[in-house]
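Observations on the three-dimensional arrangement
Given next are the chains, with one letter for each unit.
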Amino acid sequence: MEPNKVLIIGGGVAGLCAAIHCERQGVDWLLLEASDRLGGRVGSRMIDGCRIDRGFAVLLTAYPELRGMIDLEQLDLRTFQSGARIQRGGAFIRVANPLRHPIRGVISALTGSIGVIDAFRILPIAMRAAFGRSVIDPDASHGFSARDLLRQMKVSEQLIDQFFRPFFGGIFLDGSLGADAAAFEFRLAMFARGIAALPNEGMGAIAQQLIAQIPNERIRMATAVREIKRIGEDTTSTRWCVTTNVGQTYEASAIIIALDADGARSLLPSLPSRAWCSTAAITWRVEAEKLPSALREPILLLDGDGDGPVNHLCSPTSVVAGYAPQGTSLISGNVIDPVALKLSDEELERSARAQMAKWFSVEATREWKVVCIDRIQQALPRQHPQDFEARPKMDQGDRLFLAGDHVTDGSINGAMRSGRIAADAVSALHR
Ligand SMILES: Cc1cc2nc3c(=O)[nH]c(=O)nc-3n(C[C@H](O)[C@H](O)[C@H](O)COP(=O)(O)OP(=O)(O)OC[C@H]3O[C@@H](n4cnc5c(N)ncnc54)[C@H](O)[C@@H]3O)c2cc1C
């Protein structure tokens, strides 16, 4: 029996970061991962020479947790243009991101893509996002939603509906703008202070960098934890026994449960249940020369009309050419509408293709070939004010800690942060 062994359950971003921080602080740790790969919800795979990320995701370079953990230069990032192009009434309208470029945002207003009055109403939020200190607390909760915040600022319903709804719908995977205003402002700050990017080798390269920082021999793959049990008479001698799905047992002095909300609840049934936001990503391929011109820029195209089912669209190969073999372009159409998500793959693709035909013409979309349709039921924990209020404590007492994006903020940054905090707490116990 090893007296000070810490077990980390789950090898997603939170678990990997917990392991890195334990390793750096000289804590004796072992990580148990249920599947045959590390990285959890962050990953990439190859299909017919095309790189497919696990759902459409981007890295925001301003995430505070990246510092000291991720070498951005080594990721060889390719960046998105800030702002978006909104599909509205049959045309694409360019909106400069007023958060990153307040001046260009005002020019956008003057040229008619957002109203002048709206531009000035957004300005205080933009300035706070760019320069305010309080907006970078990812664990804060305002207790009211992003939509409420925008309404308080008297931003027009038109701008809310045509820009903020699809843009932040794509970020929270929730088209209601019901996310807590603090989570919304945190992301605004990240967009104002950094850029959205894809690593040259795909989002999976982020997980690969984390994995490279920890020794392999401390990781047990294909080891799903089925049960955790406290052993020992009192809190000073508390130890934990972990049982896996094949009946193996491990003893530990402390545990970090770095699972998603449902996984954590399956081990600790007293935890509150958490609503999920789901998504489907349809990836098409087409000969590069047949890619519609609006998709040739590294920018998000948004469904400003709310017709759906595709909420946000982009060509990953216009951001990173190496995502597909030379001469091939990829198109990623992303669905977040819960009703559309109930359609079968065939119906969903047919409906998305009909929408794309309206955006680009039937002729332009005729030769788009489906590469894959990825459905991710449990993509992001919902982040409404009531969800934030019910977040469980990271320190569950008796040397049991929770990490994972459900205890902080539903993002790569949140997962990294939770892993760091849990590891620091464990390390303090062993000092
Ligand atoms: C489609 C999509 C788009 C996203 N877009 C972005 C984005 O653009 N920017 C951003 O910052 N974030 C984005 N995110 C969110 C981000 O990916 C997650 O918040 C983060 O990866 C969560 O990491 P985690 O470690 O908390 O959980 P997970 O990644 O879920 O890791 C949990 C791990 O535990 C393992 N596990 C489960 N049960 C057990 C068990 N019983 N025993 C042992 N192991 C177990 C799992 O296999 C998994 O490896 C997106 C997520 C999705 C799905």
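An account of the accompanying structure is given in this report. (Residues numbered from 1 in each chain as written. Predicted model: local features only at pLDDT ≥ 70, side-chain atom pairs only at ≥ 80, totals over all residues. Heavy atoms only, no water.)

1. Some points on the overall build of the protein
The number of helices and strands found in the protein is 14 helices and 20 strands. Computed over its C-alpha atoms, the radius of gyration of the protein comes to 22 Å, within 12% of the 22 Å expected for a compact globule of 431 residues. Classification of the 431 residues of the protein by burial places 58% in the buried group. Long-range pairs, those at least 24 residues apart, make up 71% of the contacts in the protein with a sequence separation of at least 6. Seen as two clouds, the 48 positive and the 49 negative side-chain charges of the protein have centres 3 Å apart. (Helix = DSSP H or I, 4+ residues; strand = E, 2+ residues; numbered from the N terminus. Rg over C-alpha atoms; globule rule 2.2 N^0.38 Å. Buried < 20%, exposed > 50% of the residue type's maximum accessible area, 1.4 Å probe, protein only. Contact = heavy atoms within 4.5 Å. Lys, Arg positive; Asp, Glu negative; His and termini not counted. Charge placed at Lys NZ, Arg CZ, Asp CG, Glu CD.)

2. Focus: helix α11 (residues 345–360)
Its 16 residues give α11 an end-to-end C-alpha distance of 22 Å, which sits within 8% of 22 Å, the value for a rise of 1.5 Å per residue. What α11 keeps buried is the set Leu348, Glu349, Ala352, Gln355, Met356, Ala357, Trp359 and Phe360. Ser361 sits one or two residues past α11 and shows a positive phi near 95 degrees. (Expected span 1.5 Å × (residues − 1).)

3. As for the site of the ligand
The immediate surroundings of the ligand are formed by 35 residues, with Glu33, Arg41, Val58, Tyr63 and Asp405 found nearest. Between an oxygen atom of the ligand and a side-chain N or O atom of Tyr63, the distance comes to 2.5 Å. Contacts to the ligand include Asp405, whose side-chain N or O atom sits 2.7 Å from an oxygen atom. In isolation the ligand exposes 1000 Å². Once the protein is present, 90% of that is buried. With 3 residues, strand β19 (residues 369–381) is the single largest residue contributor to the shell around the ligand. Of the residues belonging to the shell around the ligand, the class tally is 19 nonpolar, 11 polar and 5 charged. Taken together, domain 1 (6–42 + 206–274 + 385–430) and domain 2 (44–78 + 197–202 + 276–381) each give at least three residues to the shell around the ligand, which thus spans both. (Near = heavy atom within 4 Å. Polar contact = N/O pair within 3.5 Å; in protein donor to acceptor, adjacent residues only side chain to side chain. Areas by Shrake-Rupley, 256 points an atom, 1.4 Å probe, with all protein chains shown as cover. Nonpolar A, V, L, I, M, F, W, Y, C, P; charged D, E, K, R; others polar. Domains from an automatic or database assignment.)

4. Things to note about the sheet that holds strand β6 (residues 77–79)
Taken in spatial order, the 3 strands make up an open sheet running β5-β9-β6, and their pairing is antiparallel. The strands lining the two open edges of the sheet, one partner per strand, are β5 (59–60) and β6. Note that β6 and strand β9 (residues 196–199) share 3 bridges and pair antiparallel. Residue Thr79 lies in a different strand from β9, and its bridge partner there is Ala197. (Pairing = 2+ DSSP bridges.)

5. Concerning the environment of Ile211
Of note, Ile211 is situated in helix α8 (residues 204–211). Taking the C-alpha atoms as reference, Ile211 lies 14 Å from Leu66; in sequence the two are 145 residues apart. Contact partners of Ile211, with chain neighbours within four places excluded, come to Leu16 and Leu38.

6. A closer look at the pattern of salt bridges
In total, this model carries 24 salt bridges according to the counting rule given. Here Glu251 and Arg239 are joined by a salt bridge, their closest N and O atoms 3.3 Å apart. One end of the pair, Glu251, is in strand β13 (residues 249–252); the other, Arg239, is in strand β12 (residues 239–244), and 12 residues separate them in sequence. What makes Glu251 partly exposed here is its relative accessible area of 35%. Taking the shortest distance from any N to any O, the salt bridge between Asp387 and Arg382 comes out at 2.7 Å. (Salt bridge = Lys/Arg side-chain N within 4 Å of Asp/Glu carboxyl O.)

7. What about the side chain of Thr283?
Here Thr283 is to be found in strand β15 (residues 276–287). Excluding its chain neighbours within four sequence positions, the residues that come into contact with Thr283 are Ile52, Leu330, Ile331, Lys369, Val370, Val371 and Cys372.

8. Some details on the packing of helix α6 (residues 157–172) against helix α7 (residues 181–193)
Taken N-terminus to C-terminus, the directions of α6 and α7 make an angle of 95 degrees; their axes are 12 Å apart at the nearest point. Considered as vectors, α6 and α7 are oriented roughly perpendicular to each other. Residues Phe164, Phe167, Phe168, Ile171 and Phe172 of α6 form the contact with α7, whose own contacting residues are Ala183, Phe184, Arg187, Leu188 and Phe191. Along the lines of polarity and charge, the residues of the contact of α6 with α7 split into 9 nonpolar, no polar and 1 charged. (Axes fitted to C-alpha atoms, helices over the stretch in contact; angles between N-to-C directions. Parallel < 35°, antiparallel > 145°, perpendicular 65-115°, else oblique.)

9. Focus on the environment of Asp424
Checked against the element boundaries, Asp424 lands in helix α14 (residues 412–430). The exposure class of Asp424 is partly exposed, given its relative accessible area of 30%. As a C-alpha pair, Asp424 and Val27 span 397 residues in sequence and 9.8 Å in three-dimensional space.

10. Notes on the packing of helix α4 (residues 116–131) against α7
For the pair α4 and α7, interaxial distance at closest approach is 7 Å and the crossing angle is 70 degrees. It follows that α4 is roughly perpendicular to α7 by the angle criterion. In this structure, α4 contributes Ile125, Arg128, Ala129, Ala130 and Phe131 to the contact, and α7 contributes Glu185, Leu188, Ala189, Ala192 and Arg193.

11. Points about the packing of aromatic side chains
For the structure shown, the criterion picks out 16 aromatic pairs. When the ring of Phe168 is compared with that of Phe191, the centres are 6.5 Å apart and the planes differ by 85 degrees; the resulting orientation is edge-to-face. Of the two residues, Phe168 sits in helix α6 while Phe191 sits in helix α7, which places them 23 residues apart along the sequence. When its relative accessible area of 11% is taken as the criterion, Phe191 is described as buried. Linked through ring pairs, Phe163, Phe164, Phe167, Phe168, Phe172, Phe184 and Phe191 together constitute an aromatic cluster. In this arrangement the basic side chain of Arg391 is found over the ring face of Phe388, its NZ or CZ atom lying 3.9 Å from the centre. (Phe/Tyr/Trp six-rings, centres within 6.5 Å; stacked < 30°, edge-to-face > 60°. Lys NZ or Arg CZ within 6 Å of the ring centre and 35° of its normal.)

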